[in-house]
Amino acid sequence: MSEGGTAAGRRTPGTFARVLLFFLALAGYGLAFSAAFPAGAPDRLPLLGLSLALALAAAQRWARGARLLALLFPCTGLLARLAGGHDAAAWPIVLFAGFAAGWTFRFIYDFETRPDPSGADAPLKALLVLWGLATLLAAAQARTVWALVHGLALRTVNGEGLPESTALRESLISFGALASGATFFLLMRRSGRDVRRRVLDAALVGTAVSAAAAVLQRLAILPPESHPFWRMTGRLSGGAADPNSLGLLCGISLVVAAGRWSDTRRRGLAAGGLLLFGAGLLLSGSRSGLLVAGGSLALLVILRRRARSARILGLAAAALAVLALAALLTSGTPGTLGGRLADTFDASQSVVARASARPVLWRAALRLFREHPLEGGGMGVFTWRLPDLLRAEGVRWKMRDNPGSAYFQALAETGLLGLGVTLVFVVALAREALRRVEGGRDEGVASACAVAALAFLGVLAVGSHWLAPDAGLLFFLAASVAAPPAAAAPAPAFRGRHWLTAAVVLYGLAALVSAASTAREAEAFRYAPRLGLYPPEPGGGFRWTQRHFALRPQPGEEIRFALANFSPLGRPVEVRATAFGALLWHGTVAPGAAVNLRVAGAPRRADAAAAAVVFTLSHSFVPRALGIPGGDARELGLRAVFRDAK
């Protein structure tokens, strides 16, 4: 027998589908790693080693690989800092991608593995496909079809000068966070009840380690926060990616540990876990984590007669009472949960300082939705469009943020269709969780996971929390434990699969139309009059070009610049300038020489349209490939010095 479920007779994927899935997993792993970590990042090699170790462990015995992943992902912030990195946001995604690659290798020949389906599977699979389409749409919005056709890159994507590479990375990380959690849910539903429980226990241990790291930070045994914002606020992230993630991890784990206590096994470990989870939540200052724990308690109060969860209820209430007392005692300490709660009710502070800027963010999300009502702007687009969305309302804000609500974000980035599929999944998962809580058997851990999942779905209304990869993985893991088998359902599983398919197909068509609209030249130069040029070199007064670059002066505008050949190849560089496919100029720049050029816009008339001039170089070079010290991996062409334009 395999380690997975045992629903004999169910349809299983064929060999071709399994092999295709394996190669897709490998491609996803490579994409996740290359997008998340640029060359030269100090934590690149340690992460590569860990992710490959997870792949090997999962390929050899994937249940062991799953437990190792669950032990590691709550501690990725600590691991990244120990490896010399400063941003752990992508660590859980890359670790999961390594595990998934190993799992699919095992899946190629493990034909005894059987799914243990739930009523939330179909909506989640549809949502996973839709998220992928939304990511492709975001890539088209960042790069534009026009620039892609002309071989141009380095586009500016907003009025604050954000480069397309940063925008694409943020969109890919958003998709990776959601896709990792959703795929983890589906994989765990193929793993059997016992494996899911052991993986959940490993995640609780990892979260306890993360919370203990926060305690050690507070005692100055571990180094303080590396991010200046968290140092300023006094909040601690422990082993998690950031303080908000730590709070959510501890909030979910607090409830699940109470369920573990009610199962009358390993109560000593459960009690120690409760203390650490409470301490981690207190030091993180996360009000969302408190809402998850408090919301779970409220659900237990409402459902306790039918769920017969008196032990979980009493223990969770006691844990929250102790946490409330600790918060009261630390109300004067900035950054702690008590300090943040005290600020919330301090009338002398501004509304933004007391609560948040969510109303402003929600209005910006509605503005993006009105621009793309059916398909939305694309995965992660709200974050890098935010300064422009706020400027339209007269608000100057250079900070990039999410809308402060997963549902508003779904509306803004995936439109009405995406929000509809999201809500179908939420309702389906909530129904499965309620079935578990109201079931005849009082399973402490499963019931605790169910109420924690329900509370997390509710808290998503005031935060895009499943975009935090570590918190999202724990949420989907708890949801996979909470969902009962579809075969045990009193009614058939979700019947509206054809409607889900229709919604996803319609979304794909709408996204295709939206992506095609970026084939216009004006869209490519929407935020800046140049493509294919790197930012100015520090202290050099010049920019490097790529092999292909373009300038688009406005009507009546004239751009004067010089191109200099300082290539280490020592060869002349031929330059061709075209507009509308017609050759405007052709010349050669000798080694060490420069040429002065001028690009003039159309006459300043009401009907005049700006036209882009595309420059193509005969060759370029990559310093790293030539062994030049410094490790610069950029494609460099000529040096450009602009005289009459910034």
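The structure we're discussing is the one just above.
Here's what I pulled together on the structure shown here.

What counts, and where the lines are drawn
- Residues numbered from 1 in each chain as written.
- Predicted model: local features only at pLDDT ≥ 70, side-chain atom pairs only at ≥ 80, totals over all residues.
- Heavy atoms only, no water.
- Helix = DSSP H or I, 4+ residues; strand = E, 2+ residues; numbered from the N terminus.
- Buried < 20%, exposed > 50% of the residue type's maximum accessible area, 1.4 Å probe, protein only.
- Contact = heavy atoms within 4.5 Å.
- Areas by Shrake-Rupley, 256 points an atom, 1.4 Å probe, with all protein chains shown as cover.
- Pairing = 2+ DSSP bridges.
- 1 Å grid on protein atoms, 1.4 Å probe; cavity = no way out; pocket = protein on both sides within 12 Å on 5 of 7 lines; lining within 4 Å.
- Points joined across faces, edges and corners; volume = space filled by probe spheres on them.
- Nonpolar A, V, L, I, M, F, W, Y, C, P; charged D, E, K, R; others polar.
- Axes fitted to C-alpha atoms, helices over the stretch in contact; angles between N-to-C directions.
- Parallel < 35°, antiparallel > 145°, perpendicular 65-115°, else oblique.
- Patch = residues over 30% accessible without salt bridge, like charges linked within 9 Å, V, L, I, M, F, W, Y side chains within 5 Å.
- Salt bridge = Lys/Arg side-chain N within 4 Å of Asp/Glu carboxyl O.
- Phe/Tyr/Trp six-rings, centres within 6.5 Å; stacked < 30°, edge-to-face > 60°.
- Lys NZ or Arg CZ within 6 Å of the ring centre and 35° of its normal.

Scanning the protein from N- to C-terminus turns up 23 helices and eight strands. Across the 646 residues in the protein, those meeting the buried criterion constitute 54%. Once local pairs closer than 6 in sequence are excluded, the contacts in the protein between residues at least 24 apart make up 77%. Taken as a whole, the protein presents about 27200 Å² of accessible surface, with 64% of it coming from carbon and sulfur.

Now for the pairing of strand β6 (residues 594–600). Looking along a regular strand, one sees side chains alternate from face to face of the sheet. Judged by which residues are buried, β6 turns out to be one-sided: V595, L597 and V599 face inward and are buried, whereas A594, N596, R598 and A600, on the alternate face, are not. Of the strand pairs in this sheet, strand β3 (residues 558–564) and β6 are connected by seven bridges, and their pairing is antiparallel. Residue pairing across strands places I559 opposite V599, the latter belonging to β6.

Over the atoms rolls a probe the size of a water molecule, and its path tells where empty space is left. Here the structure, examined in full by the defined rule, presents one cavity of 30 Å³ or more. What the largest cavity holds in volume is close to 120 Å³. Around the largest cavity, the lining residues are W131, L178, M379, A406, Q409, A410, E413, T414, T422, S464, W466 and L467. Looking at the lining of the largest cavity element by element, the count peaks at six residues for helix α19 (residues 406–437). Looking at the lining of the largest cavity, its residues break down into seven nonpolar, four polar and one charged.

Moving on to the packing of helix α17 (residues 358–371) against α19. Pairs of packed helices are described in terms of their axes, by the angle between the two and the distance that separates them. α19 packs onto α17 with a crossing angle of 10 degrees between their chain directions and a minimal axis gap of 8 Å. With respect to each other, α17 and α19 are oriented roughly parallel. Note on element contacts: α19 touches α17 through F408, L411, A412 and L416, opposite W362, A365, L366, L368 and F369. Class assignment for the residues of the contact of α17 with α19 results in nine nonpolar, no polar and no charged.

Glancing now at a nonpolar patch on the surface. On the surface, L68, L71, V205 and V209 cluster together into a nonpolar patch covering about 280 Å² of accessible area. Those elements giving two or more residues to the nonpolar patch turn out to be α3 (62–72) and α9 (193–218). According to the relative accessible area criterion, V205 is partly exposed, its value standing at 46%.

Turning next to the pattern of salt bridges. Overall, the coordinates contain 16 salt bridges when judged by the stated rule. Two residues, R189 and D116, come together in a salt bridge whose shortest N-O distance is 3.6 Å. Taken as a pair, R189 in the loop between α8 (164–188) and α9 and D116 in the loop between α5 (91–109) and α6 (121–143) lie far apart in primary sequence, 73 residues in all. Neither residue differs from the other here; R189 and D116 are each classed as buried. A salt bridge links R196 to D116, with the shortest nitrogen-to-oxygen separation between them at 3.0 Å. Note that R196 is positioned in helix α9 and D116 in the loop between α5 and α6, a separation of 80 residues in sequence. The class of D116 is buried, set by a relative accessible area of 15%. Through salt bridges with shared partners, one network takes in D116, R189 and R196.

Right, let's talk about the pairing of strand β7 (residues 613–617) for a bit. Counting buried residues along β7, four of its five residues qualify, which places the element largely inside the surrounding structure. Pairing of strand β2 (residues 543–551) with β7 involves four bridges; the strand directions are antiparallel. Note on β7: the bridge partner recorded for H548 is T616. With four bridges connecting them, strand β4 (residues 573–579) and β7 associate as antiparallel partners. The partner of R576 across the bridge, within β7, is T616.

Turning our attention to the packing of aromatic side chains. Within this structure, the stated rule accounts for 17 aromatic pairs. The rings of W131, F425, F456, W466, F475 and F476 are connected pair by pair, giving a single aromatic cluster. We note R530 situated over the ring of F642; from NZ or CZ to the ring centre the distance is 4.8 Å. Between the NZ or CZ atom of R634 and the centre of the ring of Y534, over which it lies, the distance is 4.7 Å.

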